[in-house]
Amino acid sequence: MRRRRFPLRRSLLMIGGLPGLLLAPALASAQDPPPPTREERLRARQDSIEALMRERLLLLGRGPGADSATLAADSARLAGPQPQQAGAQRGAAARDSISRRLLELPGFVPTYYVGTEAIYNRGTGELILLGDSVTEASALQEGQEVRAREQLIYDSNGDFIRTAGVATLTPSVGAPTTADGLTVDLQSEVASALGARTVIQQNSEWYVRGDLPIVHTDGGFGHDLDFTTCELDDPHYHFRADEVKWLRSADSVLVARNVRFYIADVPVFWLPFIAQSTKGGRRSGLLTPVFSVNDIVRNDGNQERRISNVGYYWAINDFMDTSIALDFFSGNFTSLAQALRYAWREKFLRGSFNTRRFWRNDGSRELALATQHDWEFSERTSFRVSGRFITSTSFVTDNSFDPTEVTGSVDSEGGLTHRFDWGTLSLSGSRRQFLNDDRVETSFPDANLSVRSLTLFRASPGQERWYSNLALGGSARFSARSTDIDQEPGVHIPGQEDVDRVMGAVSTSLTLGAFSLSPSVDFEQRTLSGLPFDSLPFFPRGGPGDFVDFERTTVNWRASAGYQQQLIGSTTLTPRVSLAGSLLRSDTIAEAQSFVSSPTRLSVGAQLRTDVFAFLPGVAGFEQIRHKLSPSLSWDYTPSVTPNDLQMRVFGAQSTQARNTLSLGLNQTFEGRRAVETTPADSADASRRTLSTSEIGTGEEVQRLEQGEIISLLNLRTSAVQFDLERADSLGRFIDGFTTTSVTNTMSSDLLSGLSVTMQHDLFDEDSEGERTFSPMLTRLNFSFRVDNETPILGFLGFLRTDATDDEIEEEEEIEEEEEDVFFADDELDFAGGQESAVVPRAGEVAGGRGPRSQDGPVGRWSADIRYALTRSRSGTSGSQNIQARIRLKPTELWDMTWSTGYDVDEARFNDHRIGLTRDLHRWEANFDFVQTATGNWSFRFEIRLSDQRDLKFNYEQRSVLDNRFR
C-alpha cells in the first residue's frame with residue numbers, strides 16, 4: 001500500500017444534516033496574508049529550496065527518506081517536535097521534518113489520501129485512488145472523511161470528487177452517510193448521492209434512505225425517500241415521499257409531496273403534501289385531532305360522536321406559547337379550549353392560564369378556568385398561585401370521564417412568602433369547591449409570622465453564668481375561614497349552616513437552660529348564618545319566624561412555666577405551673593352582649609417521660625427483637641374558684657369547679673435485627689483477638705464487627721387517656737371521671753410498604769338519662785398498604801421470586817422511591833384520552849394529553865395498593881365503607897397492565913373502574929383502556945400510538961354519558 005500527500009489550495013468540507021448529507025467546498029486560505037517581514041522572506045527562500053528538492057525526488061519515483069534535505073543543518077529537526085495537524089501521524093513519513101514543515105504552511109489545509117494504489121493522470125488532472133474490501137480508498141481532511149470501496153477520483157481540472165462503488169461520508173460532527181454513488185462539485189458547492197442511507201437527529205433517530213440528486217449549503221432536493229425511527233432492516237413502519245425539498249435558511253422548512261405512511265409494507269394513510277419546520281425546539285403548527293370511529297356501525301342509541309383537539313399551537317417566542325382547540329361532543333356540548341404558558345428562567349417566572357368555554361345543547365353556557373403561576377422575586381421572596389373554577393358542579397359530574405374529578409373538589413390556592421433576617425412571614429388563601437354537595441370552603445387571608453430564636457448573653461461551654469444563652473422566640477397567626485352550603489331559602493337543616501370564622505393567636509417563648517416560659521393569647525369569632533329565631537334561647541333582634549345570624553367571640557390567654565429535670569437515662573421529670581383565663585361575648589346570652597371575663601385559674605402539674613426496653617429471642621430470620629415502651633404520665637391540678645354572679649350565669653358552674661386530672665399516653669416499637677450471613681473467611685476475621693486497653697493507640701487497626709439490618713416490625717402509637725379525680729368523686733361513679741371519650745391507635749410497619757392503620761374507638765355508651773356504660777365501639781378505621789414482589793413479609797412466606805438480579809432489584813427500588821408518596825399517579829388521567837376526559841382543564845398543559853406509556857422495570861414486577869376506610873356512629877344514622885385498590889403488573893417484556901377501582905361495601909357496588917392494557921410493538925404502543933366513573937359515565941378506547949411521535953396515533957373510541965345514574 002502506497003500513501004501520498006498533496007497540499008491543496010482547496011479543502012473538502014463534509015457536513016451531515018437533514019436529510020443527512022451535504023458536501024461543500026471552502027477556500028483553504030480565508031484571507032490574503034500580510035506583507036512578509038525580512039525573516040519570513042529568508043524562511044520562504046529556504047522553504048522554496050526544500051520544495052524544489054522534494055519535487056525532484058518525486059519525479060524520480062521514490063518517496064522522501066528520513067531527511068530529504070541536503071542542507072548542512074536542518075533547522076526544523078533541530079527545533080524539536082512541533083504540533084501536528086489532524087491526521088499527521090499517519091505513516092512513517094510524518095516523522096520527516098521537511099514534510100512536517102510542509103504540512104504546517106500557513107493558509108493551507110492538508111488532505112490525506114489512502115488507497116491500495118494511486119494513479120495520477122497529468123493530462124486529465126485526475127487522481128485515482130483504488131481500494132478493495134480490506135483497504136478502502138479514502139480522503140481525510142480536518143476530521144472529515146470520504147471512503148470508497150472501489151475508486152475515489154479527484155479531478156483537479158473540473159474541481160470535483162466522484163466515487164465508484166459503495167461510498168461512505170463521515171463528517172466531523174454527525175452520523176456517517178453511505179451511498180451507492182457520490183459526486184461533489186467543489187466549484188458550485190453542490191453534491192449528489194444516489195442510494196443514500198444515513199441517520200439524522202430530530203427528537204429521535206430517523207433512518208433515511210433514498211436518492212439525493214442535489215444537496216448544497218442552502219438546502220437540497222431528493223426523491224423516493226423513506227423516513228423511519230425503526231432501526232431494523234425491515235422497519236415496522238416508514239414514511240415515503242416521491243419528492244422532498246428542504247431549505248437551510250432562517251425558516252429551515254422541509255416540503256414533501258405525495259407522502260404515504262406504511263405499517264410494514266401496508267399503506268395506512270396518504271397526504272398530498274406536508275410542510276414542516278426542521279428547526280429544533282418548539283414550533284407553531286396544527287394540533288393532531290382526536291376523533292371517534294365507533295359510529296361506523298351504530299348499535300346503541302347512547303353512542304355519540306366526538307371530535308376534539310382541532311386547533312392550532314403557536315410558539316410566540318422563547319418564553320411563551322399558546323394553543324386553541326375545538327371539542328365537539330354530539331348530543332352534549334361544543335367547547336373551545338385555550339391555553340397560555342410562559343417561562344422566563346432568568347427571572348424565575350413561570351405560569352399558565354387555561355380556559356374552556358362550553359356551549360350546551362340546551363342553550364346554556366358553562367366556563368371552566370385553571371391557572372398556575374410561580375415567581376421567585378428574590379432568594380427570600382416567592383409568590384405562588386394556582387386556581388381552578390367551574391360555573392356548574394353538576395355539569396362536571398354529568399359529563400366528566402375522569403373518576404377522580406367527579407368525586408373530588410375544585411381547588412384554588414395562593415400565597416406569598418418572605419424571609420427576613422429575624423423571621424419568616426407568609427400570606428396565603430385557598431378555596432375548595434366540593435362536587436358532591438356543592439359545599440365551598442374559603443380561607444382568606446391566612447397569615448403566619450414566625451420569629452427566629454434569638455440568643456442573648458452567649459457564652460462558651462465552661463464559661464456560662466446562670467443567665468447565659470437566654471433564647472427568645474415567638475410566632476403569630478391570623479386567618480379568616482368560611483363554609484358556604486347551598487340550601488333552599490327559608491329551609492334550615494341543623495348542622496348545615498353557613499359558618500364564618502375569624503381566628504388569631506400570638507405566642508412567645510423564653511428558654512434558659514432547662515427552664516422555659518411560654519405566654520400565649522388566642523381569639524375566635526364564629527358566625528352562624530340562617531338560624532331560626534325560635535331555636536335560640538335569646539337574641540336581641542328579630543322576632544318569631546325570622547332567620548338571624550348568630551355571633552360568638554372568645555378570647556383565651558395562658559402563661560405557663562416549666563423546668564425539665566433529667567433523671568436516669570432518657571427519663572425526664574417536668575414540673576410546671578400556669579395561669580389561664582378567657583373572655584366571652586355571645587348574641588344568645590343576655591348577660592354577655594359585651595365581653596365578660598372568666599375567673600383566673602391556677603394550675604400546677606408535672607409530666608414524667610421514660611423509655612423501657614426489653615430484648616426478646618429472635619424468630620423468622622431475626623437474631624434478636626427489641627421492644628421499646630415509651631409511656632408518659634401527666635398530672636394537673638386546678639383548684640376551684642369563687643365566681644361572681646355574672647361569671648356564674650355566663651360560664652356556668654363547671655368552669656369554676658376544681659380539676660385533678662391524670663393523663664396517660666403510650667407508644668410502642670418492636671424492632672428486629674437480621675442475622676448477618678458470614679462466610680468461613682468472615683468467621684476467621686471475627687475470631688481475631690480483642691485489643692486490650694493498653695493496645696489501643698499503638699497503631700494496630702481496630703475493626704468493628706458488621707451489624708445486621710434493623711427493621712421496624714411494628715410501631716404502635718396510642719392517644720392519651722385523661723381521668724379527672726374530682727369529677728369522679730363529685731358524680732359518685734368511677735366511670736364518669738374519664739374526660740376522654742375516644743381513643744385513637746395508629747400502627748405502621750416496614751414489613752409492608754406504606755402500611756398505615758388508624759383506629760378510633762368510642763369508649764362509652766350513654767342512655768337517655770346520661771348514664772355511662774363502658775362499651776368500646778370502632779367508629780373509624782383507615783387501612784392502607786402496598787405489596788410488591790420485593791415486600792419483606794412475602795419473602796418470609798416464600799411468595800417472592802428468587803431469580804431477580806441485583807440490577808433489577810435496584811431498578812425496582814428506584815421506582816418505589818418515586819411512587820412512595822403517591823397512591824394513584826397523576827398520569828393515570830391519561831387512561832381514557834388525557835385532557836379530553838376531564839371537564840375542568842389542568843393548568844400548564846396545551847390541548848391534548850400526554851398519552852399512556854409503558855411501565856419501566858424488569859419482567860415480573862408487580863405492585864398492589866389497597867386502601868380501606870370505615871366510618872360509623874352508635875346511632876347508626878351515618879356511616880360508610882369504601883375500598884380503593886390498584887394493581888400494576890408487567891407479566892411479560894411487552895405487556896403492561898394497570899387496574900384501579902373503588903368499591904362501596906354498604907351499597908355492594910363498584911363506584912368506578914380504570915383498566916389499562918399496553919402492548920409494546922417495538923416503535924409502537926397499543927393501548928386498551930376502559931374507564932367508568934361513579935356517576936355512570938364510561939369510555940372505552942383502543943389506540944395505537946407511535947412511540948417516537950406520540951401525537952401520531954389511531955383511535956377507536958366509544959363514550960357514553962348516561963341519563964340514568966347508578967344508584
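Residues numbered from 1 in each chain as written. Predicted model: local features only at pLDDT ≥ 70, side-chain atom pairs only at ≥ 80, totals over all residues. Heavy atoms only, no water.

## Let's talk about the overall build of the protein chain
Part 1 of the argument: Within the protein chain, the regular secondary structure consists of 10 helices and 52 strands.
Part 2 of the argument: Looking at the protein chain residue by residue over its 967 residues, the buried ones come to 37%.
Part 3 of the argument: Restricting the contact set of the protein chain to residue pairs at least 6 apart, pairs at least 24 apart contribute 52%.
Part 4 of the argument: About 54,300 Å² of surface is accessible on the protein chain, with carbon and sulfur atoms providing 55% of the total. (Helix = DSSP H or I, 4+ residues; strand = E, 2+ residues; numbered from the N terminus. Buried < 20%, exposed > 50% of the residue type's maximum accessible area, 1.4 Å probe, protein only. Contact = heavy atoms within 4.5 Å. Areas by Shrake-Rupley, 256 points an atom, 1.4 Å probe, with all protein chains shown as cover.)

## Regarding the pattern of salt bridges
Part 1 of the argument: This structure, assessed with the given rule, holds 28 salt bridges.
Part 2 of the argument: Arg576 is the salt-bridge partner of Asp636, the closest N and O atoms lying 3.0 Å from each other. Separated by 60 residues along the polypeptide, Asp636 in strand β40 (residues 622–638) and Arg576 in strand β36 (residues 572–586) bring together distant segments of the chain.
Part 3 of the argument: Linked through salt bridges whose partners overlap, the residues forming this network are Glu551, Arg585 and Asp587. (Salt bridge = Lys/Arg side-chain N within 4 Å of Asp/Glu carboxyl O.)

## Re the pairing of strand β29 (residues 423–434)
Part 1 of the argument: Summarising the sheet, strand β28 (residues 409–419) and β29 pair through 11 bridges and their orientation is antiparallel. When the sheet's bridge partners are listed, Ser412 is paired in β29 with Arg431.
Part 2 of the argument: What sits between β28 and β29 in their antiparallel hairpin is a turn of 3 residues.
Part 3 of the argument: Relative to strand β30 (residues 440–456), β29 runs antiparallel, the two being bridged by 10 bridges. Looking across to β30, one finds that Thr424 is bridged to Ser450.
Part 4 of the argument: Connecting β29 to the next strand, β30, in antiparallel fashion are 5 residues, including Asp438 with a positive phi near 55°. (Pairing = 2+ DSSP bridges.)

## Digging into the side chain of Glu145
Part 1 of the argument: Here Glu145 shows up in strand β8 (residues 144–148).
Part 2 of the argument: A polar atom in the side chain of Glu145 sits 3.0 Å from the side chain of Arg147. (Polar contact = N/O pair within 3.5 Å; in protein donor to acceptor, adjacent residues only side chain to side chain.)

## Some remarks on the side chain of Thr198
Part 1 of the argument: If you trace the backbone, Thr198 turns up in strand β14 (residues 190–202).
Part 2 of the argument: For Thr198, a relative accessible area of 8% corresponds to the buried category.
Part 3 of the argument: For Thr198, the side chain forms a polar contact with the side chain of Thr177, separated by 3.0 Å.

## Describing the environment of Phe622
Part 1 of the argument: On the secondary structure map, Phe622 appears in strand β40.
Part 2 of the argument: Expressed as a C-alpha distance, the spacing of Phe622 and Gly708, which sit 86 residues apart in the sequence, is 9.0 Å.

## Looking at the nonpolar core
Part 1 of the argument: Counting 39 residues, the largest nonpolar core has Leu152, Leu212, Phe227, Tyr237 and Val244 as the members making the most contacts within it.
Part 2 of the argument: Of the residues forming this core, the biggest block, 5 residues, is contributed by strand β17 (residues 237–247).
Part 3 of the argument: The residues contacting Tyr237, other than those within four sequence positions of it, are Trp206, Thr228, Thr229, Cys230, Phe261, Tyr262, Ile263, Ala264, Arg923, Trp924, Leu946 and Asp948.
Part 4 of the argument: One finds Phe395, Val396, Leu435 and Val839 within the second-largest nonpolar core, a separate group that totals 13 residues. (Core = buried A, V, L, I, M, F, W, Y, C linked by side-chain atoms within 4.5 Å.)

## Topic: the packing of aromatic side chains
Part 1 of the argument: Under the defined criterion, the tally for this structure stands at 23 aromatic pairs.
Part 2 of the argument: Centre to centre, the rings of Phe329 and Phe401 are 6.2 Å apart; their planes meet at 35°, and the pair counts as tilted. Placement of the pair is Phe329 in strand β23 (residues 320–329) and Phe401 in the loop between α4 (393–399) and α5 (403–406), with a sequence separation of 72 residues. When sorted by exposure, Phe329 lands in the same class as Phe401, which is buried.
Part 3 of the argument: Aromatic side chains Trp375 and Phe377 sit 4.4 Å apart centroid to centroid with 35° between the ring planes, which places their arrangement in the tilted category.
Part 4 of the argument: With relative accessibility at 36%, the residue Trp375 sits in the partly exposed group.
Part 5 of the argument: When its relative accessible area of 43% is taken as the criterion, Phe377 is described as partly exposed.
Part 6 of the argument: One aromatic cluster in this structure is built from Phe329, Phe333, Phe358, Phe395 and Phe401.
Part 7 of the argument: When the ring centre of Tyr262 is taken as reference, the NZ or CZ atom of Arg240 above it lies at 5.3 Å.
Part 8 of the argument: Between Arg439 and the ring centre of Phe434, over which it is positioned, the NZ or CZ distance is 4.0 Å. (Phe/Tyr/Trp six-rings, centres within 6.5 Å; stacked < 30°, edge-to-face > 60°. Lys NZ or Arg CZ within 6 Å of the ring centre and 35° of its normal.)

## Thoughts on the pairing of strand β39 (residues 612–617)
Part 1 of the argument: Inspection of the sheet shows β39 paired to β40 by 6 bridges, in the antiparallel sense. Across the sheet, Ala614 pairs through a bridge with His627, a residue of β40.
Part 2 of the argument: Where β39 folds back onto β40 in an antiparallel hairpin, the turn is made up of 4 residues, including Ala620, whose phi is positive at roughly 55°.

## Notes on the environment of Gln566
Part 1 of the argument: Looking at the element boundaries, Gln566 is found in strand β35 (residues 565–566).
Part 2 of the argument: Residues Gln566 and Ala514, spaced 52 residues apart in sequence, show a C-alpha to C-alpha distance of 9.1 Å.
Part 3 of the argument: Separated by 2.7 Å, the side chain of Gln566 and the backbone oxygen of Gly569 make a polar contact.

## Some points on the environment of Asp912
Part 1 of the argument: Looking at where Asp912 falls in the secondary structure, it is placed in strand β49 (residues 909–921).
Part 2 of the argument: On the basis of relative accessibility, which here comes to 13%, the residue Asp912 falls in the buried class.
Part 3 of the argument: When the C-alpha atoms of Asp912 and Asn937 are compared, they prove to be 9.4 Å apart, with 25 residues separating the residues in sequence.
Part 4 of the argument: Dropping the residues within four chain positions of it, Asp912 is found in contact with Pro403, Ser900, Thr901, Gly902, Gln932, Thr933 and Ala934.

## Structural notes on the confidence of the model for the protein chain
Part 1 of the argument: Overall, the prediction assigns the protein chain a mean pLDDT of 78, with 76% of residues at 70 or greater.
Part 2 of the argument: Across residues 61–94 the pLDDT falls below 50, and counting only partners more than four positions away or on other chains, this stretch makes 51 contacts in the model.
Part 3 of the argument: In the predicted structure, residues 686–700 sits below a pLDDT of 50 and forms 8 contacts with residues beyond four places in sequence or in another chain. (pLDDT = per-residue confidence, 0-100.)

## Comments concerning unusual backbone geometry
Part 1 of the argument: Following Phe444, the chain continues to Pro445 via a peptide bond in cis, the omega torsion being -10°.
Part 2 of the argument: Looking at the secondary structure, you find Pro445 in strand β30.
Part 3 of the argument: Backbone geometry at Ala264 places phi at a positive 60°, although glycine is not the residue there.
Part 4 of the argument: Looking at the element boundaries, Ala264 is found in the loop between β18 (253–263) and β19 (266–277).
Part 5 of the argument: Positive phi, normally seen in glycine, also occurs at Phe348, with a value near 55°.

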